[in-house]
There are 2 protein chains.
Amino acid sequence: MKAIAVEPGAGAPERIELPVPEPAPGEALVRTLRVGVDGTDYEVIDGCHGGVPAGDDRLVLGHEAVGIVEEPNGTDLEAGQYVVPTVRRPPAGVETNDYFERGEPDMAPDGEYVERGIVGAHGFMAEYFTSPADCLVPIPADLAPVGFLVEPISITEKALQHAAASRAAFDWRPESALVLGNGSLGLLTAAMFRTTIGYDRVYCLGRRDRPDPSIDILDELGVTYIDSRETPVSEIADAYEPMDVVYEATGYAKHAFESIDALAPNGVAALLGVPGDWSFEIDGGRLHRELVLHNKAIVGSVNSNRDHFASAVDTLAELPPWLLEAVVTGVYGLEEYDRAFPNATTDERSGDDDTTIKTAVEFSDI
Amino acid sequence: MKAIAVEPGAGAPERIELPVPEPAPGEALVRTLRVGVDGTDYEVIDGCHGGVPAGDDRLVLGHEAVGIVEEPNGTDLEAGQYVVPTVRRPPAGVETNDYFERGEPDMAPDGEYVERGIVGAHGFMAEYFTSPADCLVPIPADLAPVGFLVEPISITEKALQHAAASRAAFDWRPESALVLGNGSLGLLTAAMFRTTIGYDRVYCLGRRDRPDPSIDILDELGVTYIDSRETPVSEIADAYEPMDVVYEATGYAKHAFESIDALAPNGVAALLGVPGDWSFEIDGGRLHRELVLHNKAIVGSVNSNRDHFASAVDTLAELPPWLLEAVVTGVYGLEEYDRAFPNATTDERSGDDDTTIKTAVEFSDI
């Protein structure tokens, strides 16, 4: 079968041939439909995040997949069932551990997990993949074409669940949210705040000029676009309003700390970015005091578990179809898979960065 | 009646005469027994925190009080009932607001509250005070001598409630805690972690040499003392172990950010200090990444509400009597009230800073 793999640091993925995998007991064989591409894929391609399985020299990419059960292999799944796979698995040679047994592999620390398509385990960018049945989340047939959005939405489901938990010791009544970053995850999250969560006042920070398709989406959602070149995060509370929730999806480390100033009293910042080392000066005394005197919280969040995937399926069903169409700017077949990676560094630029929001590779007709 | 008041910035409190207050409808008249002194009092005395009520030139000090109901004045309280008053009240001229109606004045933002003895309202360091009956929390007679510890313990009750809430979205199993600061609040909190909460492994950071009475208390509690001059907070995870909870009570702003490194994966830092402005450099990229990849949280917490006071009464009853005796190093009558303020800057040093942990002024025999 065909697969898309990368030699970390090579700068671009390549198409390779692999045997169709054999499901082990408890695993199903899944025929892959579509697999999304996100910033983490580029970090893996660039070699600054993740890693190949021990003994391999290439990693099959892909952690945002949707597929169809080809062979249930004695599991409870049914052939023809549309499914989305979760990402974390126990490390090689380990059957399970406390985190997986609790259904919370997203809370496992380093060394207690691998991530398919990211670190230590091959991903889903192949015509077939196998997976333990309990790592396959059913999805309705009508959502299958955009099923690769379930994984990124699940990331937000978890982050917002943890953020809300941090405010559960009192009668919190959030009304406003600021999303930092207008990439596909930021747009989906801003859409969730406006539609499925239902905040009246939602803001999204970016650094693009109009006309721009991501800003058009924000306009259509009723989300206020904030240009970071005009209004830095630390000035947003004054220029717009203090925010009950800040959701950081830029990976820009100063945003993590400037979020404290953007928050309203009793607000919470959910951090999702994974920046590299970078030292800079902050007014740490004032920020510390601000956290304390206004009961503010910061919650870091990574990955997501099966429950978050299940919530994400519900969310995906509720998001307006026009939004999903607008966010997914390109789905490319295997013969033109490179168009799904317009930002791969050493490849010829095959996409237009200004109009690309979310891409996917299609492995099999839906 | 006699009261202890301060002209902010004067450097030391003074004894003044005031009329015995008249309880308004819904208020009881309380005869004051003892009132504790803490770091906030010194900040008020120094003029760097808090403020006098509008139209006054002096503030009656004291926010950690225990008293006995002298005149119930038609409220549900009984004469002779021992009580501890909460600290926040609605601003002058305002009967209530959303935060007070919800029983959560501790979550009110600036301008929506005053704090008795701290900002905008006179405190409890007087022979009598009045208070709305619902701001008076009953306390058993046998705890009355140390009832002034209820307020500081309530601060920890709230901070740890909020910290635990932030971890409630998953199956959190904390086993270790680090308290930053070995003042009276740090010692009481370390004692709570060891006894009422029951963690096996508790650490407390200070910067004192042995022999020292606060370190003796930690030894007796089975808490590991860490000298910050030998092991900075950022190195504690390696030198000892990563901590499930960090509780910051130093007001030293770098600790707020170094806590991220001291935390174990999925851990939470509760911040309580109120530092002044101070800019410094941090490795913000690494700290941001650490928060995200290890699901860490930071929760700021200020003040406490009636529920936290009620929990604090229960905690106080459970703490070992030897601990309370060791923490309270001096209770001084009105004629020698200045001995309760050994750190007042312009007063003659009447106490020995190396042996003073917690002091109180006694207004009436128990």
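Residues numbered from 1 in each chain as written. Chains lettered and ligands numbered in written order. Predicted model: local features only at pLDDT ≥ 70, side-chain atom pairs only at ≥ 80, totals over all residues. Heavy atoms only, no water.

**Topic: the sheet that holds strand 2 (residues 14-17) of chain A**
All names here are of chain A.
Working step 1: The sheet built from three strands is open, its strands ordered 2-1-4 with antiparallel pairing. Edge strands, defined here as strands with exactly one partner in the open sheet, are strand 2 and strand 4 (59-60).
Working step 2: Bridging between strand 1 (residues 2-6) and strand 2 involves four bridges; their strand directions are antiparallel. Note on strand 2: the bridge partner recorded for A5 is E14. (Pairing = 2+ DSSP bridges. Helix = DSSP H or I, 4+ residues; strand = E, 2+ residues; numbered from the N terminus.)

**Notes on the nonpolar core**
Working step 1: Core analysis: the biggest nonpolar cluster contains 186 residues, and M125 and F341 of chain A together with M125 and F341 of chain B have the highest contact counts within it.
Working step 2: Among all residues touching M125 of chain B, those that are not within four sequence positions of it are A3, I4, V35, G36, V37, V60, L61, G62, F341, V361 and F363 of chain B.
Working step 3: Ranked by size, the runner-up nonpolar core spans 48 residues in total, among them A253 of chain A together with V233, I236 and V246 of chain B. (Core = buried A, V, L, I, M, F, W, Y, C linked by side-chain atoms within 4.5 Å. Buried < 20%, exposed > 50% of the residue type's maximum accessible area, 1.4 Å probe, protein only. Contact = heavy atoms within 4.5 Å.)

**Some details on the environment of T40 of chain B**
Residue and element names in this part refer to chain B.
Working step 1: As for its placement among the helices and strands, T40 is situated in helix 1 (residues 39-46).
Working step 2: Under the relative-accessibility criterion, T40 is labelled partly exposed at 22%.
Working step 3: Once the C-alpha coordinates of T40 and G50 are considered, the two residues, 10 residues apart in sequence, prove to be 8.7 Å apart.
Working step 4: Here T40 is in contact with H49, H63 and I118, once residues within four sequence places are set aside.

**Topic: the domain arrangement of chain A**
Interface extent is often summarised as the accessible area lost during association of the parts.
Residues and elements named next belong to chain A.
Working step 1: Taken domain by domain, chain A consists of domain 1 (2-138 + 320-362) and domain 2 (154-300).
Working step 2: Each of domain 1 and domain 2 has a C-alpha centre, and the two are 28 Å apart.
Working step 3: Each partner contributes to the roughly 1,100 Å² buried at the junction of domain 1 and domain 2, and carbon and sulfur atoms together form 73% of this total.
Working step 4: Looking only at domain 1, the three residues that lose the most surface to domain 2 are W322, L323 and I357, adding up to 41% of its buried area.
Working step 5: In this assembly, domain 1 and domain 2 are joined by one salt bridge.
Working step 6: Notably, a salt bridge pairs K158 with D106, separated by 3.0 Å at the nearest N-O pair.
Working step 7: Linking domain 1 with domain 2 are one residue pair in polar contact (both at pLDDT 80 or more), by the criterion used here.
Working step 8: With five residues, helix 10 (residues 321-327) is the largest single contributor of residues to the side of domain 1 that touches domain 2.
Working step 9: Class assignment for the residues of the side of domain 1 that touches domain 2 results in eight nonpolar, two polar and four charged. (Domains from an automatic or database assignment. Buried area = accessible area lost by both parts, 1.4 Å probe. Salt bridge = Lys/Arg side-chain N within 4 Å of Asp/Glu carboxyl O. Polar contact = N/O pair within 3.5 Å; in protein donor to acceptor, adjacent residues only side chain to side chain. Nonpolar A, V, L, I, M, F, W, Y, C, P; charged D, E, K, R; others polar.)

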